[in-house]
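Listed below are the residues making up each chain.
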Amino acid sequence: MLIFYAMTTSKYAVIIMSVLIIVRCIRSMLSERYEAEIWSYVYRGDEAIPVYHWENLIGRSLSADIRIDNRSMSRVHAVLVRSDKGEWRIFDIFSKGGVWVNGMKVGPLGTRIHSGDSINLAGNFLRFLDINRYHRSLLEAQRTQAGLAVEPSITLVYLTVFELFLMVEHMCTAESEFVKPICLAFLGLICLEWLCYHLMRFINRSGFEVETLAFYLTALGMSVAATSTPEDMFKQLLLTIVGVALFLLNGWWFRSLKRTSSLRVPMGILAILLLGVNVLTSEAVFGARNWLEFGGYSFQPSEFVKVFYIFAGASTLDRLYRTNELFSFIGFSAICVVAMALIGDFGTALIFFVSFLVISFMRSGSIATVLLAVSGAGLASVLAVTIKPYIAQRFAIWGHVWEDIYDKGYQQTRAMSAAASGGLFGKGAGQGWLKDIFAANTDMVFALVSEDLGMIVGMCMVLAVLALAFFAVRSAQHARSAYYAIAACTAMSMLLVQLSLNVFGSLDILPFTGVTFPFVSRGGSSLLSCWMLMAFVKSADNRKNASFAVKTAEYAGIYEDELDEFDEEDIE
Amino acid sequence: MKKIRNRSVSLLLIAFLVICGMIVYVLRYVDDGRDWALYFSRSNSGSTGQLLDRNGVMLAYFSGFENRFADDATTRKANYHVTGDYWNRTGNGFLAEYWDEAMGFDIITGTTQEKHSQMRLNIDSTLNNIMYKHLSVLEIPLEEGESLTELPFEPHTVHQWRVAVDAEGNVIAESEKDVLIANSWDRPRFCNSAMMVCNYRTGELLGMISLPTVDPADSETPPAEGAYINRCLSASFTPGSVFKLVTAAATIENTEQLSDKRYYCEDEYYIAGVPIVCMHSHYNQTFEKAMANSCNVAFAQMAVKLGQDTMVKYVRQYGFLDKQSLDGIPTVAGSYPTEFVGDPELGWSGIGQSTDLVCPYAMLRFVCAIANDGVLLEPKMIDDGKAPRAERFMEAGTAKKLREMMSYNVSYSYGGEDTFPGLNMCAKTGTAEIGDGDTHAWFVGFLDDEEHPYAFVTMVERGGGGLYVAGNTTSRILQEYIANSEGADE
């Protein structure tokens, strides 16, 4: 009887907490004030134009950051760039009229400019004024600190309560030998998130929504593990710890734009190498050959290639205009997609393809390029289907799964049945039957969660990822560098496509491709790569003192990384 | 950067598609979630359901692990068209739907709530069993070439009349004569049948049977052809003379000085050169006698006099042209010539031939309304405690006149107490010609008895004569049912 009450209370508490967590995170991320940073001013006559980014396009075009509407200007004329160290440079991007700084013509490698310098853009004169430390701290003080409207620690308390109730549910239903490991894993997860939170507070960062949502999804993943593979709880916790560590490491790396963008080529090469090894050596496991054995551990290289792909694919604004790298990027993407197809992992190939579309659209802004790519891919898939008819078979069942419930529609029909039988509130963690079906904890995880915890939690799971995507778009509006904006948006588009293929594939709204749900599906490589992708989202979060992956102005107006330099200057 | 900012909106497009996908899922869940959930999750639910008749006899029981029907094979077969089956082969969807409901699926809780539900029906399985006993006799197939068999009742005599007329055709003498109703039955084949009994004062549907039927617990024997069709609800038949009640109702409401009206019949009557044929010459007859004689000539004349528009108006008003619904189970619509057909065809349509088709359920509603002073209590099969929908179906005066005429039919033509001992019967027979020499036997009416206010429709497909086959069988069924229920009361 006690167990029954504990179970019922926990069941509804988990749902209420889920909704509260999602609502609080969405409110915090999407409705908190989010003012732009101002990095310097450009004076045109008496008019002061604030410079909002580290990379700014000057030109006649409507979408130029500094717009000078004069026929002598080119549409895209010059790029004004700030470095990590606060040094400003101006580049002439093949303008008709040319650029001069203090009367000196700017060459293709750009010219360093200082406060007070005069810039001549084809006869249009601008004066550049950097802001001093005093001014910067004034501006910074005017901005809204993240986490003031919706206190992140309270959300985290809700998350902890959520996890505790989830743990209680599992304690009621798990076999006695697994109760201890399940409890320890949940408690470990709770410790980890509070540790992470205090670390952020310690370094004076108050934006914790991205982490909260990632931890929320990870906790659901922990619940899926407790339901389907309770013998692996410690492994799951260990993986989570490694994932969070990689997240912190990645985020720390992103603090310096120079450091980050310097990894582009190495990461690209690493991606191709990893995929090459995968294509050549791996053996088929359950259809797709996307597993690689390494020192007793098997992992999925394609999951890590996702991260490398973004590293290599994102670009700073000046590079976009100064060099024509789009074609080498298309080549690189094609290699990735073809490698995935060779491996037989069509779901991941599709994820890469959509990410490629997002990156290439963000880089070029050209719908024609996107259409070209889509039609090319369409042609390629027609070709693939003609050569390998078994691919077509997989798609033929799409929309007709109930006609073949014992073979091709086996997993989907069971997923739909289980998901529907849970109703809105679910049967209680570990109470469903879907867990015994093959791949329930990976490819059909949405159904597994819907059956056990109810459709509301299932929806919260999807909403969490959607909220992160909206937040990435919002952050991209204020990102310092195009690199961060592109990277954050691409990371989220990957996760969204992955989510769509997972959820809608198992529910027969899309063809069933067998990819994982971000954070929730079982699978170490997937969990690690999702945490790493979160670092990209953090790197674009420019709210005041929000993200550890973004350097912040101290009260003296000095950026954290400039501190050493500042001391030296002071002594001089 | 503004360019990049604008382009980041492309991510919103993907997010939008994800939201659309979720909406599609939710809509599909609302629509089909029940089917999905019950397909595989049923055996994981601890819910149970029971379908009981009005006396608490179990007609169907189901849980996650088993489906059971009544223990006794006759009860299973006699009630098959009431319960249907889990596979919804009868198409009435009744049990299948209740089963889904009882298994505890709803959109909010899925199948997580364990339910133990019971549904009580107005149906009396005893009555269905009695109907099965008497009607299934007609089902027995005969050997090749064999064509004569005995009907399951004792031969008896009924009064009939011989009429003498003078040179002008006026009736000058009417003499009674006893005529033997033999029990020999000239039917070369197996007869399908349908019968319903309804309490016209409360709207409770007490019995419904359609033969041939199926034993839902017997998966070995292949069912007879057409056994899954419920002939009471899902089929319509040529009504023949029972349709004269409709023509009579229209005539009552549209004729002045009806009591002074006389209808003359001499075997044949020509409308625009086309003959309408009668069994006998009835000569000059009143409206009531025309009905008791079931005189084709008289009713063909009435239909032509009323005109097609008026006939169609009444047929429509009485619901014969529409699909009806018995507790949500749809019935088929009947038919009647609604496009212009000309007087001869109109005459035939007034006596239930032509292209007329009537669903037995529509006929049941009609006789229920006549019996209940023109107010129809829509028949209900499920006992959900709610009062049946009541509507003014026909004028009270019309209903009263029809009741008197139907009572007169019985005493004048059908043998009265001899044929229906102990039953205060009011009825109309029908022997509907279906064009190949065979006839459907109909017997519709009600008991004018406040203790047993039963209205009924009996139809034996290709069964022969309305009175001989359908009438006598109905009589035996109701006698046994009343004796049975009175025995049970004591």
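Rules behind the numbers
Residues numbered from 1 in each chain as written. Chains lettered and ligands numbered in written order. Predicted model: local features only at pLDDT ≥ 70, side-chain atom pairs only at ≥ 80, totals over all residues. Heavy atoms only, no water. pLDDT = per-residue confidence, 0-100. Contact = heavy atoms within 4.5 Å. Phe/Tyr/Trp six-rings, centres within 6.5 Å; stacked < 30°, edge-to-face > 60°. Helix = DSSP H or I, 4+ residues; strand = E, 2+ residues; numbered from the N terminus. Buried < 20%, exposed > 50% of the residue type's maximum accessible area, 1.4 Å probe, protein only. Lys NZ or Arg CZ within 6 Å of the ring centre and 35° of its normal. Domains from an automatic or database assignment. Buried area = accessible area lost by both parts, 1.4 Å probe. Salt bridge = Lys/Arg side-chain N within 4 Å of Asp/Glu carboxyl O. Polar contact = N/O pair within 3.5 Å; in protein donor to acceptor, adjacent residues only side chain to side chain. Pairing = 2+ DSSP bridges. Axes fitted to C-alpha atoms, helices over the stretch in contact; angles between N-to-C directions. Core = buried A, V, L, I, M, F, W, Y, C linked by side-chain atoms within 4.5 Å. Expected span 1.5 Å × (residues − 1). Parallel < 35°, antiparallel > 145°, perpendicular 65-115°, else oblique. Left-handed = near helix turned anticlockwise from the far one by under 90°. Nonpolar A, V, L, I, M, F, W, Y, C, P; charged D, E, K, R; others polar.

Q: Run through the confidence of the model for chain A, naming residues and quoting values.
A: For chain A, the mean per-residue pLDDT works out to 87, and 93% of the residues sit at or above 70. Across residues 566–572 of chain A, confidence stays below pLDDT 50; counting only partners more than four residues off in sequence or on other chains, it has 3 contacts.

Q: Got a sec to walk through the packing of aromatic side chains? Specific residues and values, please.
A: In this structure the tally under the stated criterion is 42 aromatic pairs over all chains. Ring centres 5.8 Å apart and planes at 80° place the aromatic pair F446 of chain A and Y25 of chain B in the edge-to-face group. Of this pair, F446 of chain A sits in helix α16 (residues 445–453) while Y25 of chain B sits in helix α2 (residues 10–41), which puts the two residues in different chains. A relative accessible area of 0% means that F446 of chain A is categorised as buried. Through a chain of ring-to-ring contacts, three or more aromatic side chains come together here, namely F243, Y314, Y318, F320, Y336, F366 and F393 of chain B. The ring of W100 of chain A carries the charged tip of K105 of chain A above its face, separated from the ring centre by 5.3 Å. Over the ring of W252 of chain A we find R259 of chain A; its NZ or CZ atom is 4.2 Å from the centre of that ring.

Q: Please give an account of the domain arrangement of chain B that cites residues and values.
A: Residues and elements named next belong to chain B. Along its sequence, chain B is carved into domain 1 (12–120) and domain 2 (127–489). Each partner contributes residues to the interface: domain 1 has 20 residues there, and domain 2 has 22 residues. Between domain 1 and domain 2, roughly 2000 Å² of surface is buried when both sides are summed, and carbon and sulfur atoms account for 60% of that area. For D215, the salt bridge is made with R76, and the minimal N-O distance between the two is 2.6 Å. Inspection of the region where domain 1 meets domain 2 yields 9 residue pairs in polar contact (both at pLDDT 80 or more). Breaking the side of domain 1 that touches domain 2 down by element, the ones donating at least two residues are α3 (73–78), α4 (80–83) and β4 (116–120).

Q: Outline the sheet that holds strand β1 (residues 48–52) of chain B, listing residues and values.
A: Residues and elements named next belong to chain B. With mixed pairing, 4 strands are arranged side by side in an open sheet as β3-β2-β1-β4. Strand pairing shows two members of the sheet lacking a second neighbour, β3 (67–69) and β4, which therefore form its edges. Across this sheet, the average inter-strand angle for adjacent strands is 10°, counted without regard to direction. With 5 bridges connecting them, β1 and β4 associate as parallel partners. Bridge pairing in β4 links L51 to M119. Running at roughly 140° to β1, helix α5 (residues 94–102) makes contact with β1, β2 (58–63), β3 and β4 of the sheet.

Q: Before we move on, can you summarise the nonpolar core with the specific residues and values?
A: If you look at the biggest cluster of nonpolar residues, it comprises 289 residues, and the most contacted ones within it are Y216 of chain A together with Y25 of chain B. In terms of residue count, helix α18 (residues 482–506) of chain A provides more of this core than any other element does, 18 residues in total. When residues no more than four places from it in sequence are discounted, the contact partners of Y216 of chain A are S18, I21, I22, L159, F162, V457, C460, M461 and A464 of chain A. By size, the runner-up hydrophobic cluster in this structure holds 32 residues, among which are C191, M425, F443 and Y481 of chain B.

Q: Tell me about the environment of L121 of chain A, residues and numbers included.
A: All names here are of chain A. In this structure, L121 sits in strand β10 (residues 118–121). The sequence separation of L121 and W100 amounts to 21 residues, and the corresponding C-alpha distance is 6.5 Å. Residues within four places of L121 in sequence aside, it is in contact with I58, I68, M73, H77, A78, G98, V99 and L126.

Q: Can you lay out the confidence of the model for chain B for me, pointing to particular residues and giving the numbers?
A: Residue and element names in this part refer to chain B. Residues with a pLDDT of 70 or more make up 88% of chain B, whose mean pLDDT is 86. Within chain B, no element has a lower average pLDDT than strand β5 (residues 148–150), which sits at 58, and none a higher one than helix α12 (residues 360–371), at 96. With pTM at 0.73, the complex prediction returns an ipTM value of 0.93.

Q: Can you lay out the side chain of N545 of chain A for me, pointing to particular residues and giving the numbers?
A: In this structure, N545 of chain A sits in the loop between α19 (524–539) and α20 (563–571). With residues near it in sequence (within four places) discarded, N545 of chain A still touches Q145, N204, R205, S206, G207 and T552 of chain A.

Q: Give a detailed account of helix α4 (residues 176–202) of chain A, specifying residues and quantitative values.
A: The terminal C-alpha atoms of α4 of chain A lie 40 Å apart, and with 27 residues this matches the ideal 39 Å at 1.5 Å per residue to within 8%. Of the residues one or two after α4 of chain A, N204 of chain A is the one with positive phi, at around 65°.

Q: Give a detailed account of the domain arrangement of chain A, specifying residues and quantitative values.
A: Residue and element names in this part refer to chain A. In terms of domains, chain A is made up of domain 1 (2–30 + 144–539) and domain 2 (40–142). Taking the mean C-alpha position of each, domain 1 and domain 2 sit 40 Å from one another. On the domain 2 side, the residues contacting the 17 residues of domain 1 number 14 residues. At the boundary of domain 1 with domain 2, total buried surface from both sides reaches about 1200 Å², with 59% on carbon and sulfur atoms.

Q: Run through the interface of chain B and chain A, naming residues and quoting values.
A: With 36 residues of chain B in contact, the opposing surface of chain A contributes 65 residues. Both faces considered, chain B and chain A share a buried interface measuring about 4100 Å² in area, 73% of it formed by carbon and sulfur atoms. Linking chain B with chain A are 0 salt bridges. Counting residues per element, the ones that place at least two in the side of chain B that touches chain A are α1 (2–7) and α2 of chain B. For the side of chain B that touches chain A, the leading source of residues is α2 of chain B, giving 20 residues.

Q: Break down the pattern of salt bridges for me, with residues and values.
A: For the coordinates displayed, the defined rule picks out 32 salt bridges over all chains. The partner of E391 of chain B in a salt bridge is R389 of chain B, with the nearest N and O atoms 3.9 Å apart. A residue is classified by how much of its surface remains accessible, and E391 of chain B, at 30% relative accessible area, is partly exposed. Looking at R389 of chain B, the relative accessible area reads 52%, which means it is exposed. Connected through shared salt-bridge partners, E32, E209, D541 and R543 of chain A make up one network.

Q: With reference to specific residues and values, describe the sheet that holds strand β3 (residues 55–59) of chain A.
A: All names here are of chain A. Read from one edge of the open sheet, 5 strands run β4-β3-β5-β6-β9, paired in mixed fashion. The open sheet has two free edges, formed respectively by β4 (66–67) and β9 (111–113), since each of these has just one partner strand. Taken together, the 5 bridges between strand β5 (residues 78–82) and strand β6 (residues 88–92) define a ladder with antiparallel strand orientation. Of the residues in β6, the one forming a bridge with A78 is D92.

Q: Break down the pairing of β5 of chain A for me, with residues and values.
A: Sheet faces and side chains relate simply in a regular strand, where the side chains alternate between the two faces. Residue and element names in this part refer to chain A. Among the 5 residues of β5, 5 are classified as buried, and the element is accordingly described as predominantly covered. Residues of β5 alternate between two faces, with A78, L80 and R82 on one and V79 and V81 on the opposite face, all of them buried. As paired elements, β3 and β5 share 4 bridges and run antiparallel to each other. Paired with L57 across the bridge in β5 is V79. Hairpin connection, β5 to β6: the antiparallel pair is bridged by 5 residues, and G86 has positive phi, about 90°.

Q: Can you break down unusual backbone geometry residue by residue, with the values?
A: As a rule of thumb, non-glycine residues mostly have phi less than zero, and peptide bonds are mostly trans rather than cis. In this model, L211 of chain B is joined to P212 of chain B through a cis peptide bond whose omega is 0°. Note on placement: P212 of chain B falls in the loop between β10 (205–211) and α7 (244–254). Non-glycine residue D508 of chain A carries a positive phi angle of around 65°. For D508 of chain A, a relative accessible area of 5% puts it in the buried group.

Q: Tell me what's going on with the pairing of strand β1 (residues 40–44) of chain A, and back it up with residues and numbers.
A: Residues and elements named next belong to chain A. Examined bridge by bridge, β1 and strand β11 (residues 124–130) share 4 bridges and lie antiparallel to one another. Note that in β11 the partner of Y43 across the bridge is R127. Sheet topology note: the β1/strand β2 (residues 47–51) ladder contains 5 bridges and is antiparallel. Bridge pairing in β2 places S40 opposite V51. Linking two consecutive strands that pair antiparallel, namely β1 and β2, is a turn of 2 residues; a positive phi of about 65° is found at G45 within it.

Q: For the packing of helix α1 (residues 2–31) of chain A against helix α3 (residues 152–173) of chain A, give the residues involved together with the corresponding values.
A: Residues and elements named next belong to chain A. Where α1 meets α3, the closest approach of the two axes is 8 Å, and the angle between their N-to-C directions is 150°. Classified by the angle between their axes, α1 and α3 sit roughly antiparallel to one another. The element α1 and its partner α3 pack so that their crossing is left-handed. Each residue belonging to the contact of α1 with α3 can be placed in one class, and the counts come to 18 nonpolar, 4 polar and 3 charged.

Q: Explain the packing of α7 of chain B against helix α9 (residues 296–306) of chain B to me, and be specific about the residues and the numbers.
A: All names here are of chain B. Interhelical geometry of α7 versus α9 gives an angle of 50° and a closest axis separation of 10 Å. Comparing their axes, α9 and α7 come out oblique. Crossing of α7 over α9 shows left-handed handedness. Facing K244, T247, A248, A250, T251 and N254 of α7, the residues of α9 in contact are N296, F299, M302, A303 and L306. A breakdown of the residues in the contact of α7 with α9 according to their chemical character gives 6 nonpolar, 4 polar and 1 charged.

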